[in-house]
Amino acid sequence: MPILLDHRVDRRSFLKTAMLGSAAVVFSGCRSTAPSASAGGEFRLALLADTHIPGDRINGNRGFNPWENLRTIAPSVAAARPDAVLLCGDAARLEGKPEDYRELQALLEPVAQVAPVFIGLGNHDDRKNFLEGFSKPAGIRPPIDGKHVTVIEHETVRVVLLDSLLYTNKVAGLLGRSQREWLAGYLPVVRDRPIVLAVHHTLGDNDGDLLDADRLFALLRLHRHVQAVIYGHSHVWQLGKRDRIHLINLPAVGYNFRDQDPVGWVDARFHHDGVTLTLQAIAGNRDQDGRATTIRWG
């Protein structure tokens, strides 16, 4: 099993990371490694989605080469020196093959030198191949049948990465009853700071969305400390709200579906009363490249 080391040295780490599962992986040679904190209590998180890395390095879509895109993005993510990196699913090109994850691991090496990397699972990932392809995730896995969840702890915000993979290379996603029940039991006992959820699938009512999105939001409405949901899947950079909860739809790293959408990643700076999001576009529509938007918690 290949291991991608966390090479960070001499960085302040007053926060603690609690791993409650393994839909995300911390690339680390040490199970006790935690994200480091930025000055002033700010938590800086690099947000990526839909890398779609192919094992052959050339398989792409719409004239984009996802392998080249991530190779371009990785040094800029590392240069930003985030406290952690979050990739919201569809890490692999189509079917989550072992060679896809080998290439992904190599491409993320510059990032892993400065920050832990957490990877969620999307509909183009394969859970078995993914978990076999990376080192054993740090922390504790909750007893959720067939699902893997990770919590990233910081004094400013708690990020919960959920698992919406239903079938590999089929479009729709599902949290499932066991994951929703775990969340229902977890949220009432962690009210000390804002919570942000992250998941791969979009949250509408189309056949390719998260099929139990309505049940998820029925649960979230009971917990006012849940402030936002981050997701990918649509390859669209868009901000919105559902009820009182902020929705953060990430652009794809691999390729867009429409010329009007950017390709890139988002630099997120969480603070006590919200988050500032800055688009880092490398291709597609770059009109909003470098534009920052601040969301205030309600």
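Residues numbered from 1 in each chain as written. Predicted model: local features only at pLDDT ≥ 70, side-chain atom pairs only at ≥ 80, totals over all residues. Heavy atoms only, no water.

Explain the pattern of salt bridges to me, and be specific about the residues and the numbers.
Taken as a whole, this structure holds 19 salt bridges when the rule is applied. Two residues, Asp 273 and Arg 296, come together in a salt bridge whose shortest N-O distance is 3.4 Å. One end of the pair, Asp 273, is in the loop between β10 (262-271) and β11 (274-284); the other, Arg 296, is in strand β12 (residues 292-296), and 23 residues separate them in sequence. Salt bridges here are not isolated pairs; linked through shared partners, they connect Glu 153, Arg 158, Asp 192 and Arg 193. (Salt bridge = Lys/Arg side-chain N within 4 Å of Asp/Glu carboxyl O. Helix = DSSP H or I, 4+ residues; strand = E, 2+ residues; numbered from the N terminus.)

Tell me about the sheet that holds strand β6 (residues 195-198), residues and numbers included.
A sheet is described by the order of its strands in space; here six strands give the open sequence β4-β5-β6-β7-β9-β8, paired in mixed fashion. The sheet is open, and its two borders are formed by β4 (150-153) and β8 (238-242), each paired with just one other strand. Taking each pair of neighbouring strands and ignoring which way they run, the sheet shows an average axis angle of 20 degrees. Sheet analysis places β6 next to strand β7 (residues 226-231), joined by four bridges and oriented parallel. (Pairing = 2+ DSSP bridges. Axes fitted to C-alpha atoms, helices over the stretch in contact; angles between N-to-C directions.)

Explain the packing of helix α1 (residues 66-80) against helix α2 (residues 98-107) to me, and be specific about the residues and the numbers.
Orientation of α1 relative to α2, taken along the N-to-C sense of each, is 25 degrees, at an axis distance of 10 Å. Of the possible angle classes, the one that applies to α1 and α2 is roughly parallel. Here α1 and α2 pass one another in a crossing that is right-handed. When α1 is examined against α2, the residues Trp 67, Leu 70, Arg 71 and Ala 74 are found in contact with a partner set consisting of Glu 103, Leu 104 and Leu 107. Class assignment of the residues belonging to the contact of α1 with α2 gives a composition of five nonpolar, no polar and two charged. (Parallel < 35°, antiparallel > 145°, perpendicular 65-115°, else oblique. Left-handed = near helix turned anticlockwise from the far one by under 90°. Contact = heavy atoms within 4.5 Å. Nonpolar A, V, L, I, M, F, W, Y, C, P; charged D, E, K, R; others polar.)

Talk me through the packing of aromatic side chains; I want residue IDs and the actual numbers.
Applying the stated criterion across every chain yields a total of four aromatic pairs. Taken together, a centroid distance of 6.4 Å and an interplanar angle of 35 degrees make the contact between Phe 43 and Phe 270 tilted. Residue Phe 43 is located in strand β1 (residues 43-48), and its partner Phe 270 is located in strand β10; the two are separated by 227 residues in the primary sequence. Given a relative accessible area of 0%, Phe 43 falls into the buried group. A ring pair is formed by Tyr 255 and Phe 257, whose centres lie 5.8 Å apart and whose planes are at 70 degrees; its orientation type is edge-to-face. Taking the relative accessible area as the measure of exposure, Tyr 255 reaches 4% and is therefore buried. When the ring centre of Phe 217 is taken as reference, the NZ or CZ atom of Arg 242 above it lies at 4.2 Å. (Phe/Tyr/Trp six-rings, centres within 6.5 Å; stacked < 30°, edge-to-face > 60°. Buried < 20%, exposed > 50% of the residue type's maximum accessible area, 1.4 Å probe, protein only. Lys NZ or Arg CZ within 6 Å of the ring centre and 35° of its normal.)

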